[in-house]
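Here is what each chain is made of, one letter per residue.
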Protein chains: 4
Amino acid sequence: MYNLLKGKKGIIFGALDSNSIAWKVAERAHEEGAVFVLTNAPIAMRMGEINELAKKTNSQVIPADATSMEDLENLVEKSLEILGGKIDFVLHSIGMSVNVRKGLHYTNSNYEFTAKGWDVSALSFHRVMNVLYNKKAMNEWGSIVALSYMAAQRVFPDYNDMADNKAYLESVARSFGYFFGRDYKVRVNTISQSPTPTTAGTGVKGFGGFLAYAEKMSPLGNATALECADYTITLFSDLTKKVTLQNLFHDGGFSNMGISDVIMENFNKE
Amino acid sequence: MYNLLKGKKGIIFGALDSNSIAWKVAERAHEEGAVFVLTNAPIAMRMGEINELAKKTNSQVIPADATSMEDLENLVEKSLEILGGKIDFVLHSIGMSVNVRKGLHYTNSNYEFTAKGWDVSALSFHRVMNVLYNKKAMNEWGSIVALSYMAAQRVFPDYNDMADNKAYLESVARSFGYFFGRDYKVRVNTISQSPTPTTAGTGVKGFGGFLAYAEKMSPLGNATALECADYTITLFSDLTKKVTLQNLFHDGGFSNMGISDVIMENFNKE
Amino acid sequence: MYNLLKGKKGIIFGALDSNSIAWKVAERAHEEGAVFVLTNAPIAMRMGEINELAKKTNSQVIPADATSMEDLENLVEKSLEILGGKIDFVLHSIGMSVNVRKGLHYTNSNYEFTAKGWDVSALSFHRVMNVLYNKKAMNEWGSIVALSYMAAQRVFPDYNDMADNKAYLESVARSFGYFFGRDYKVRVNTISQSPTPTTAGTGVKGFGGFLAYAEKMSPLGNATALECADYTITLFSDLTKKVTLQNLFHDGGFSNMGISDVIMENFNKE
Amino acid sequence: MYNLLKGKKGIIFGALDSNSIAWKVAERAHEEGAVFVLTNAPIAMRMGEINELAKKTNSQVIPADATSMEDLENLVEKSLEILGGKIDFVLHSIGMSVNVRKGLHYTNSNYEFTAKGWDVSALSFHRVMNVLYNKKAMNEWGSIVALSYMAAQRVFPDYNDMADNKAYLESVARSFGYFFGRDYKVRVNTISQSPTPTTAGTGVKGFGGFLAYAEKMSPLGNATALECADYTITLFSDLTKKVTLQNLFHDGGFSNMGISDVIMENFNKE
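Residues numbered from 1 in each chain as written. Chains lettered and ligands numbered in written order. Predicted model: local features only at pLDDT ≥ 70, side-chain atom pairs only at ≥ 80, totals over all residues. Heavy atoms only, no water.

All right, on to the overall build of chain A then. Along the backbone of chain A there are ten helices and seven strands. By the compact-globule yardstick of 18 Å for 270 residues, chain A fits well, its C-alpha radius of gyration being 18 Å. In terms of overall dimensions, chain A has a C-alpha envelope of 60 × 45 × 40 Å along the principal axes. Burial statistics for chain A: of 270 residues in total, 68% are counted as buried. For chain A, restricting intrachain contacts to residue pairs at least 6 apart in sequence, the fraction spanning at least 24 positions comes to 76%. Only carbon and sulfur atoms are counted for the fraction: they give 49% of the accessible area of chain A, which is about 8,800 Å². The averaged location of the 29 negative side-chain charges in chain A is 5 Å from the averaged location of its 27 positive side-chain charges. (Helix = DSSP H or I, 4+ residues; strand = E, 2+ residues; numbered from the N terminus. Rg over C-alpha atoms; globule rule 2.2 N^0.38 Å. Buried < 20%, exposed > 50% of the residue type's maximum accessible area, 1.4 Å probe, protein only. Contact = heavy atoms within 4.5 Å. Areas by Shrake-Rupley, 256 points an atom, 1.4 Å probe, with all protein chains shown as cover. Lys, Arg positive; Asp, Glu negative; His and termini not counted. Charge placed at Lys NZ, Arg CZ, Asp CG, Glu CD.)

What follows is the structure, encoded as structure tokens:
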């Protein structure tokens, strides 16, 4: 709509289906003039409809397991070829807890599951930046964004070990962001998004109730996946060049609420 | 450049001269298709060159003392007339400490000066929003931004009572932002900007040294006034509709640095 | 009980009646071996029962309006005489919003009321420290504590302009705390306490409901006035000498909760 | 000195030698009337002098690898026997980065090393609490403390992947702390301590320079290991029962400093 990303080249991780935030980011980036490569874990691609998105956005798809350095190196090398130059933006939208999937309570974790979830959800962000950094694959003033959630700062009991994974992810953004900024003028930030009814999100226990709660707590209501995509576009654009090492709440105000009038009224009715 | 503010109407407080962040915001808002009213305190206008900016951006100037409800009511009423409709964006870029001007140390404040500085720098933001809110002068999904500084969170000894004023200002953004969001879908945020060599800034004791220090601490270097204007444009645009009650650091990463390699090397040389 | 404050000398502001946190602090400080002066605004003393507390804790009472430099200077001078030496600890427990008392909504403030509340609730802390600092009235490794509330960080709609006052108060703690630490090795902190059913607190609109809400959100329940006094004692003791410039949440965990199971269940019943 | 922990029972992890914070905590806890079990990794015990400490504090030592559930279960079971009842306090002071030891830069991590460091430094805290929680081994109003560092929030380039490990650790404190509070009235907090010249700390590249820098940035100077032990005692005592889910800075004020006068003067000399 605005040509905000005209001529920019990117890699987008994590578009599973049309409910995914990454899917919306791809659509919006395409509208704003960007070209990009889509990627997802091979297993997620079998379940998803990423080829439809690729067609729609005139993109190529390169499968990559974000816990495999070999896959990530292949992804970045191929992307540089396909896009014909260095990368301007990267979206990391990857998260998965085996403990959650298996229904294990946080106080009763299986630590192999915990390690797997940490590797997929948090360490993968370090791996992705490692490959981009060491291959000198990013253009100056490029922008890297990962999606996070406020459970990194505050307790949401059902979020389980994903809370700790997001805390690690946000720390990686700061730690690696320092070196990426200092050496290549690349910025690294996380967006802490409202609960969003993606295919992954809606699978979490009690998600519907929590979504309604967050809606009533937030003065502007929950942020949608499309609104998150819009916001992500601004962070990829040239208008936010000096924003780095930040965790940016995109949540209709939830993060700075103590209590809203509506939630208080509901509570008083009880 | 991108038509991000096409058709949007605004009020911009605080453009003193071409070094002002508000000046740059006005220029960039004009380029992005906005129309707006410029305003400043009558006394600041006598010293400034705001008429030049008005001409350049095809704007009108309405003087207003931001501590006077009468002036602010007049400003908002006239703006609605001039712009032919409700307001989409407001920039509050106002700050002044009499204690700093008079060279009084923080531990030796004159409390009349403190009260005056608080009224001008912090309470004025409440007054501005009060008038906009009660006159129903903002469009839905409008955006209000005030400029702040990290002294609101951390100690910068020379910043004096402006630190406390900025803490109050940021609190007002949250407090009023809740009601503005709930009732009119208007978002309210503050930008916590790098030290910037504006005409006001450079007057602060030891400013030059501190600017150099911040430059070396920040992985991307200090953010300039123009870069701040670019960032402000994104917050006025339709791409950030669900960002509210936030204090957003625009500082090349300074806010999340503990120490940089360059600062550490400098220190070790001592 | 533990002799934690044996031989320490203090000034305690704000003991109105036996529900006051300051009252409990005085009782506990007495038990821990401290001697101190009690003070409150002349008007609050007429309403209160401070003389009973003075008798019980073997203290003298010196009335002082915390917005009057003359009163504060008199207070500090007399305290040094009465206590026979410099001060080791000070508690600032003062807060009052005229807008709240008069029932004015935050979006409809009377700015004379706002200024009065700010002077009493926030600037008074600067005034107190100003007098202590310039009279060199504090012993090395002394401790100054002010009571705050989390509305300084997050929105609690009924807290009105006290939210902004607490944000200013916490900033003053940091700003003055730097100079007090650097020059006299005195630490300055704020305690951000659970909502507490003091005589002042229970007057706030909807307080009872909110108290119940906070109780159910906090994994350990709300902190009582007596528990707050216990915690304050640790901050006055020699065991916390290097804690300074901090805002310390004493709230059963509320501040780091996103949602609790109990609140979520209540919400889902709706 | 004060009998603050009279009759309390504890487990202290991580006393390597007399420079260790855990060593000082053990000495101080003993002075305050506590009885406790000491534990450390078998390999650390071979290098350390823990038996000397055990003798001095009349304690028993039970080796345990904090990444082994079997070892931790054995530790907790034996501790309950030895101490003759449930546990009142636990100190987790464990941290190690293989990447740091091997001299690998953060941008060039070996991910097996990263995983090992994460397991030892961060996940171990979850494991410890898991065993304590599921064995119902803690008394009501017990207190669990882990030692952390501000690199969890801000960038200290040489801290390497320990920054991310500390972010994860602090998140585990909140996540597990919620359930421990809700179900057993146990509080869980982290102390974010000044850089401390322990045997581990002094091994980090550039540690001496950084220690001097932190000393000059902090209005009260760096906190020592002994001061940290004093502070930890307050968190184990009955005076802080409602403090939970917090990360508490014990750092002479460093965490809330933007710049100090001394650091600025040093910088200007350059």
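What follows covers the packing of helix 8 (residues 207-217) of chain C against helix 10 (residues 261-269) of chain C. All names here are of chain C. Between helix 8 and helix 10, whose axes approach to 7 Å, the crossing angle comes to 120 degrees. The pairing of helix 8 with helix 10 is recorded here as oblique in orientation. Here Tyr-213, Lys-216 and Met-217 of helix 8 come into contact with helix 10, specifically with Val-262, Ile-263 and Asn-266. In terms of residue class, the contact of helix 8 with helix 10 is built from four nonpolar, one polar and one charged. (Axes fitted to C-alpha atoms, helices over the stretch in contact; angles between N-to-C directions. Parallel < 35°, antiparallel > 145°, perpendicular 65-115°, else oblique. Nonpolar A, V, L, I, M, F, W, Y, C, P; charged D, E, K, R; others polar.)

Moving on: the relation of the copies chain A and chain B. When chain A is fitted onto chain B, the two copies agree to an RMSD of 0.0 Å after a turn of 180 degrees and an axial shift of 0.0 Å. Within this description, the copies of the chain are treated as partners about a two-fold rotation axis. For chain A, the minimum C-alpha distance to the rotation axis belongs to Tyr-2 of chain A and amounts to 2.5 Å. When the interface residues of chain A are mapped onto chain B, 100% of them again fall at the interface, so both copies present the same face. (Least-squares fit on C-alpha atoms with pLDDT ≥ 70 in both.)

Once that is clear, we can look at the nonpolar core. One finds Phe-180 and Tyr-213 of chain A, Phe-180 and Tyr-213 of chain B, Phe-180 and Tyr-213 of chain C together with Tyr-213 of chain D to be the most contacted residues of the largest nonpolar core, which totals 239 residues. Once you skip the residues sitting within four places of it in the chain, Tyr-213 of chain A turns out to touch Phe-254 and Ile-263 of chain A together with Tyr-213, Met-217, Gly-258, Ile-259, Ile-263, Met-264 and Phe-267 of chain C. (Core = buried A, V, L, I, M, F, W, Y, C linked by side-chain atoms within 4.5 Å.)

Residue and element names in this part refer to chain A. Read across the open sheet, the seven strands follow the order 3-2-1-4-5-6-7; overall the sheet is parallel. The open sheet has two edge strands, strand 3 (60-61) and strand 7 (247-250), and neither has a second partner. As paired strands, strand 5 (residues 138-148) and strand 6 (residues 187-193) are joined by six bridges and run parallel to one another. Paired with Ser-148 across the strands is Ser-192, a residue of strand 6. Here helix 3 (residues 50-57) sits on the sheet in contact with strand 2 (35-39) and strand 3, set at roughly 175 degrees to strand 2. (Pairing = 2+ DSSP bridges.)

On to the interface of chain A and chain B, then. The interface is formed by 42 residues belonging to chain A together with 42 residues belonging to chain B. In this assembly, chain A packs against chain B so that about 3,600 Å² is buried in total across both faces, 61% of it on carbon and sulfur atoms. On the chain A side of the interface with chain B, the three residues burying the most area are Leu-220, Leu-239 and Lys-242 of chain A, jointly 24% of the side's total. For the pair chain A and chain B, the interface holds four salt bridges. The residue Asp-261 of chain A makes a salt bridge to Arg-182 of chain B at a minimum N-O spacing of 2.2 Å. Here the element with the most residues in the side of chain A that touches chain B is helix 7 (residues 162-184) of chain A; it accounts for five residues. Across the side of chain A that touches chain B, the residue classes break down as 16 nonpolar, 14 polar and twelve charged. (Buried area = accessible area lost by both parts, 1.4 Å probe. Salt bridge = Lys/Arg side-chain N within 4 Å of Asp/Glu carboxyl O.)

Our focus in this paragraph is the packing of aromatic side chains. A full pass over the atoms with the stated rule returns 74 aromatic pairs over all chains. When the centroid spacing of 5.7 Å and the interplanar angle of 70 degrees are considered together, the rings of Tyr-133 of chain D and Phe-176 of chain D count as edge-to-face. Remark: Phe-176 of chain D occurs in helix 7 (residues 162-184) and Tyr-133 of chain D occurs in helix 6 (residues 111-134); sequence separation between them is 43 residues. The class for Tyr-133 of chain D is buried, based on a relative accessible area of 10%. Since its relative accessible area comes to 0%, Phe-176 of chain D is described here as buried. Cluster of aromatic residues (ring-pair linked, three or more members): Tyr-106 of chain A together with Tyr-133, Phe-176, Tyr-178, Phe-179, Phe-180 and Tyr-184 of chain D. Here the guanidinium or amino end of Arg-127 of chain C rests over the ring plane of Tyr-111 of chain B, the centre of that ring lying 4.4 Å away. (Phe/Tyr/Trp six-rings, centres within 6.5 Å; stacked < 30°, edge-to-face > 60°. Lys NZ or Arg CZ within 6 Å of the ring centre and 35° of its normal.)

On average, residues of chain A score 96 in pLDDT, and 100% of them are at 70 or above. Reported confidence for the predicted complex is 0.98 by ipTM and 0.98 by pTM. (pLDDT = per-residue confidence, 0-100.)

Let us now look at the sheet that holds strand 5 (residues 138-148) of chain D. Residues and elements named next belong to chain D. With parallel pairing, the seven strands of this open sheet are ordered in space as 3-2-1-4-5-6-7. A single partner strand is all that each edge strand has here, and the edge strands are strand 3 (60-61) and strand 7 (247-250). Two strands pair when backbone bridges link them, and strand 1 (residues 9-13) and strand 2 (residues 35-39) are joined in this way by five bridges, in the parallel orientation. Along strand 2, the bridge assignment pairs Ile-12 with Leu-38.

All right, on to the pairing of strand 7 (residues 247-250) of chain B then. Residues and elements named next belong to chain B. Going residue by residue along strand 7, you find Asn-247 and Phe-249 tucked away on one face and Leu-248 and His-250 tucked away on the opposite face as well. The sheet contact formed by strand 6 (residues 187-193) and strand 7 spans four bridges and is parallel. Across the sheet, residue Thr-190 finds its bridge partner in strand 7, namely Asn-247.

Glancing now at the relation of the copies chain A and chain C. Overlaying chain A on chain C yields an RMSD of 0.0 Å, the required transformation being a rotation through 180 degrees with an accompanying axial translation of 0.0 Å. With an isologous cut-off of 70% or more, the 100% of interface residues of chain A that recur at the interface of chain C puts this contact in the isologous class.

With 25 residues of chain A at the contact, the number on the chain C side is 26 residues. When chain A packs against chain C, close to 2,100 Å² is buried across both sides, 63% of that on carbon and sulfur atoms. Viewed at the interface, chain C and chain A are joined by zero salt bridges. Linking chain A with chain C are nine residue pairs in polar contact (both at pLDDT 80 or more). Looking at the side of chain A that touches chain C, its residues break down into 13 nonpolar, seven polar and five charged. (Polar contact = N/O pair within 3.5 Å; in protein donor to acceptor, adjacent residues only side chain to side chain.)

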